[in-house]
Amino acid sequence: MRECLSPTALCRTALTHDRLHDFLEGSPWMQGLTPDQADRVHRDVSSRAFDAGATVAAGGAPAQPWIGVVEGMLKVETVTAGGKSASFIGVPAGAWVGEGSVIKGELRPYDVVAIRDSVVAFMPRATFQWLMQDSHAFSAWLIGQLNARLGHFIAMVQSLRLNDTKAQVAYCLASLFNRDLYPGTQPQLEISQEEIGRLSGVSRQIANRALHEMQDKGIIRIGYGSIEVLDLKALQEMANGE
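Small disclaimer: the values here were computed from a predicted structure and weren't measured.

(A) Examining the sheet that holds strand β1 (residues 46-50) more closely. The strand order β1-β8-β3-β6 describes an open sheet built from 4 strands, whose pairing is antiparallel. If you trace the sheet from one side to the other, it starts and ends with β1 and β6 (96-97), each paired once. Bridging between β1 and strand β8 (residues 118-123) involves 5 bridges; their strand directions are antiparallel. Residue pairing for β8: Ala-49 is matched across the bridge by Val-119.

This is the structure:
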């Protein structure tokens, strides 16, 4: 017997569908598709809501879908057999992540976890591969995306090896405003100081001191469970150790 949705559930489903449609239309790679290609994308891509802390994609599972963040924020992390965890990057709303694993068809080497309540888009691997073969514009965008991601990780390693912890925390925040990777990032970030510490690879206490120093300099404003970037240029300079 088919389940009948309540009016509230129907409204929520319609809202989610509208948000997914707007998210897809706002994705940079969508602009180069033909109408037929765009129609297939809209048909094939699905979305799902996740509570904060929920696993969106588990490490060790086949990397079948390409993942987009319609709302909220995700993180990429790994957990060792001994229970130690390390967070690598935050993925804000408007961004896609995991294209490398989808291209290779490998087991996903990391977990993707919701930092806050999030709505996540899933593009099937078959659709992703079809776009690579059928759309020159998508393939060209994808090459640029992979290059931007490589540049991000090189800069992150440089920050970890050459800069102090204050610059590492600044880089963690500044990297969320990389327009090639995260075109939809807004100045107000719904992220805790503890999570900033994890993404920066430093303790919560060190992250707290660094963030308050930035606030004292007028670079950011700290709120309850949020950080507002007031001076992105100054933040980027601090991230570069200047």
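Structure's up, so let's keep going.
(B) Representation of the packing of helix α6 (residues 165-174) against helix α9 (residues 232-239) within the structure. Running from N to C, α6 and α9 cross one another at 135°; their axes reach a closest spacing of 7 Å. Here α6 lies oblique to α9, going by the angle between them. The two elements α6 and α9 meet at a crossing, and its hand is left-handed. Along its contact with α6, which presents Lys-166, Ala-167, Ala-170, Tyr-171, Leu-173 and Ala-174, the element α9 presents Leu-235, Gln-236, Met-238 and Ala-239. Among the residues making up the contact of α6 with α9, the classes are represented as 8 nonpolar, 1 polar and 1 charged.

(C) Fine view of the environment of Asn-163. Assignment of secondary structure puts Asn-163 in the loop between α5 (136-162) and α6. For the pair Asn-163 and Glu-106, spaced 57 residues apart in the sequence, the C-alpha separation amounts to 34 Å. Ignoring sequence-local partners within four residues, the contact set of Asn-163 consists of Gln-158, Gln-168, Ala-239, Asn-240 and Gly-241. Within polar-contact distance, the side chain of Asn-163 engages the backbone oxygen of Ala-239 at 3.4 Å.

(D) Up close: the confidence of the model for the chain. Per-chain confidence: the chain averages 89 in pLDDT, with 93% of residues scoring 70 or above. Across residues 1-14, where pLDDT falls below 50, the model places 2 contacts with residues more than four positions away in sequence or in other chains.

(E) Representation of empty space enclosed by the protein in the model. Evaluation of the coordinates by the stated rule reveals 1 cavity of 30 Å³ or more. Roughly 60 Å³ of volume is contained in the largest cavity. Lining the largest cavity are Pro-28, Gly-94, Ala-95, Trp-96, Trp-141, Gln-145, Asp-180, Leu-181 and Pro-183. Of the residues in the lining of the largest cavity, the class split is 6 nonpolar, 2 polar and 1 charged.

(F) Broad picture of the sheet that holds strand β9 (residues 188-189). In spatial order, the strands read β9-β11-β10; together these 3 strands make up an open sheet with antiparallel pairing. Whereas interior strands pair on both sides, the edge strands pair on one side only; in this sheet they are β9 and β10 (220-223). Strand direction decides the pairing type here: β10 and strand β11 (residues 226-229), joined by 4 bridges, are antiparallel. What sits directly across from Gly-223, in β11, is Ser-226.

(G) Local environment of the nonpolar core. Residues Leu-173, Leu-211, Met-214 and Ile-220 are the most contacted members of the largest nonpolar core, which totals 29 residues. Contributions of two or more residues to this core are made by α6, α7 (193-200), α8 (204-216), β10, β11 and α9. If one sorts the elements of this core by residue count, α6 sits on top with 6 residues. Apart from the residues lying within four places of it in its own chain, the contact partners of Leu-173 are Leu-189, Ile-196, Leu-211, Met-214, Ile-220, Ile-227 and Leu-235. Core analysis: the second largest hydrophobic core is formed by 21 residues, Leu-24, Trp-29, Phe-128 and Leu-131 among them.

(H) Summary view of α8. With 13 residues, α8 should reach 18 Å at 1.5 Å per residue; the first-to-last C-alpha distance of 18 Å fits that figure. The first or second residue beyond α8 is Gly-218, which carries a positive phi of 80°.

(I) The packing of aromatic side chains, seen in detail. Within the structure shown, the criterion is met by 11 aromatic pairs. Residues Trp-29 and Trp-96 carry aromatic rings whose centres are separated by 5.6 Å and whose planes lie at 70° to one another, so their mutual orientation is edge-to-face. Placement of the pair is Trp-29 in the loop between α1 (7-26) and α2 (35-44) and Trp-96 in strand β6, with a sequence separation of 67 residues. Here Trp-29 and Trp-96 have matching classes, each one buried. Look at Phe-50 and Phe-122: their rings are 6.2 Å apart centre to centre, the planes differ by 65°, and that puts the pair in the edge-to-face class.

Calculation notes
Residues numbered from 1 in each chain as written. Predicted model: local features only at pLDDT ≥ 70, side-chain atom pairs only at ≥ 80, totals over all residues. Heavy atoms only, no water. Pairing = 2+ DSSP bridges. Helix = DSSP H or I, 4+ residues; strand = E, 2+ residues; numbered from the N terminus. Axes fitted to C-alpha atoms, helices over the stretch in contact; angles between N-to-C directions. Parallel < 35°, antiparallel > 145°, perpendicular 65-115°, else oblique. Left-handed = near helix turned anticlockwise from the far one by under 90°. Contact = heavy atoms within 4.5 Å. Nonpolar A, V, L, I, M, F, W, Y, C, P; charged D, E, K, R; others polar. Polar contact = N/O pair within 3.5 Å; in protein donor to acceptor, adjacent residues only side chain to side chain. pLDDT = per-residue confidence, 0-100. 1 Å grid on protein atoms, 1.4 Å probe; cavity = no way out; pocket = protein on both sides within 12 Å on 5 of 7 lines; lining within 4 Å. Points joined across faces, edges and corners; volume = space filled by probe spheres on them. Core = buried A, V, L, I, M, F, W, Y, C linked by side-chain atoms within 4.5 Å. Buried < 20%, exposed > 50% of the residue type's maximum accessible area, 1.4 Å probe, protein only. Expected span 1.5 Å × (residues − 1). Phe/Tyr/Trp six-rings, centres within 6.5 Å; stacked < 30°, edge-to-face > 60°.

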